[in-house]
Amino acid sequence: MKHLKMALGVPLLFGMLYGCSSNKATDETGDTTVKQEETDTNTNTDTNTNTDTNTNTDTNKDMNNNGQAGTTQNLPYNFAEFSLDVDYSPTESYEVDYEYETTGVEVELDDDRNNIKLRGDEALAKLEPMFKKLKFDASTANDEVIDHVISVFGIDKNYTSFELEVKFADGTEKEYKKTK
């Protein structure tokens, strides 16, 4: 009986919370109107009301005032995310992870062959010259992107697998894979 009350009470509670968090308001005539919220594009405040705790913040950051995906502003490169994983053997790999966020940049470099593990500013200082040389976009042919990244990063041609995931400034996400 106790479990039955819990099973019925929890959905009821969520329903009430959802109803209380609605952006709709009723005026004196009884008509339902949508409450408009002002947003300041220079702040990091999210004014979207959302009861889902697993909000995709990347999508929210790339939305313009009409709720449509737009170009991310002020990116230092033509991508917001860059994840490179090159395997030479089961124990040797070269990995680069870059993620631009409004709160800062997350950067990691792991090079097993040269015993290099860098994070944050150290990793960015090492990778920034390479990132600036990357001159491809979402419309560039896959083989051309792979060859260009191999050249820019000085990847040894004896790799067994190459995987690259990029989220471009316009929100387009692409994967590039090559195995030998």
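Note that residues are indexed from 1 along each chain, following the sequence as it is written. For this predicted model, a pLDDT threshold of at least 70 governs which residues receive local features, and a threshold of 80 or more governs which side-chain atom pairs are given and counted, while totals over whole chains, interfaces and linings are taken from all residues. Hydrogen atoms and water are omitted, and side-chain values are computed over all heavy atoms in the structure.

Caption draft 1: Main features of the packing of aromatic side chains. To pair, rings of Phe, Tyr and Trp, with the six-membered ring standing in for Trp, must have centres within 6.5 Å; the planes then decide the type, stacked if under 30 degrees apart, edge-to-face if over 60, and tilted in the middle. Enumeration over the complete set of coordinates arrives at 14 aromatic pairs. The rings of Tyr77, Phe79, Phe82, Tyr94, Tyr98, Phe131 and Phe153 are connected pair by pair, giving a single aromatic cluster. The positively charged end of Arg113 is found above the aromatic ring belonging to Tyr88, 3.8 Å away from the centroid. Between Lys180 and the ring centre of Tyr159, over which it is positioned, the NZ or CZ distance is 4.3 Å. Two conditions define a charge located above a ring, namely a distance within 6 Å from the ring centre to NZ of Lys or CZ of Arg, and an angle within 35 degrees of the ring normal.

Caption draft 2: Geometry of helix α3 (residues 120–133). In a regular helix each residue adds 1.5 Å, so 14 residues correspond to 20 Å; α3 covers 20 Å between its end C-alpha atoms and thus fits that length. A bend of about 45° at Leu127 is the largest found in α3, and the proline Pro129 appears one to four places after it. Of all the residues in α3, the buried ones are Ala123, Leu127, Met130 and Phe131. By definition in these notes, contact holds between two residues if any of their heavy atoms fall within 4.5 Å. Secondary structure elements follow DSSP: runs of H or I no shorter than four residues count as helices, runs of E no shorter than two count as strands, and numbering proceeds from the N terminus. Each element contacted by the buried residues of α3 is listed here: β3 (79–89), β4 (92–101), β5 (104–111), β6 (116–119) and α4 (142–153). Multiplying 1.5 Å by the residue count of a helix minus one yields the expected span of that helix. We define the bend at any residue as the angle between the axes fitted to the seven residues before and including it, ending there, and the seven starting there. Throughout this description, buried means an accessible area under 20% of the type-specific maximum (1.4 Å probe, protein chains only), exposed means over 50%, and partly exposed covers the range between.

Caption draft 3: Examining the pattern of salt bridges more closely. Take a side-chain nitrogen of Lys or Arg and a carboxyl oxygen of Asp or Glu: if they are within 4 Å of each other, that pair is a salt bridge. Following the criterion strictly, the structure yields five salt bridges and no others. The salt bridge involving Arg113 is made with Glu92; its shortest N-O contact spans 3.4 Å. In this pair, Arg113 is assigned in the loop between β5 and β6 and Glu92 in strand β4, connecting sequence segments 21 residues apart. Among the residues examined, Arg113 registers a relative accessible area of 36% and is labelled partly exposed. Looking at Glu92, the relative accessible area reads 28%, which means it is partly exposed. Across the salt bridge formed by Arg119 and Asp110, the nearest N and O atoms sit 2.9 Å from each other. Judged by its relative accessible area of 39%, Arg119 falls in the partly exposed class. Asp110 gets classed as buried once you look at its relative accessible area, which sits at 13%. It is possible to trace a salt-bridge network through shared partners that takes in Glu92, Arg113 and Asp156.

Caption draft 4: Structural detail: unusual backbone geometry. Notably, Asn115 is not glycine yet its phi reads approximately 55°, a positive angle. A relative accessible area of 68% means that Asn115 is categorised as exposed.

Caption draft 5: Representation of α4 within the structure. End to end, α4 covers 17 Å across 12 residues, agreeing with the expected 16 Å (1.5 Å per residue, within 8%). Along α4, the positions that sit buried rather than exposed are Val145, Ile146, Val149, Ile150, Val152 and Phe153. The elements touched by buried residues of α4 are β3, β4, α3, β7 (161–168) and β8 (173–179). Of the residues one or two after α4, Gly154 is the one with positive phi, at around 65°.

Caption draft 6: Broad picture of the environment of Asn115. Counting through the fold element by element, Asn115 comes out in the loop between β5 and β6. Counting along the chain gives 23 residues from Asn115 to Glu92, while the straight-line C-alpha distance between them is 9.8 Å.

Caption draft 7: View of the pairing of β7. Extensive coverage of β7 is indicated by the burial of six of its eight residues. In this sheet, β7 lies alongside β3 in antiparallel orientation, the contact comprising eight bridges. The residue of β7 that forms the bridge with Leu84 is Leu164. Direction of pairing for β7 relative to β8: antiparallel, over a ladder of seven bridges. The partner of Glu165 across the bridge, within β8, is Glu175. Here β7 folds back onto β8, and the loop between the two strands holds four residues, one of which, Gly171, carries a positive phi near 95°. Here, a strand pair is defined by DSSP locating no fewer than two bridges between the strands.

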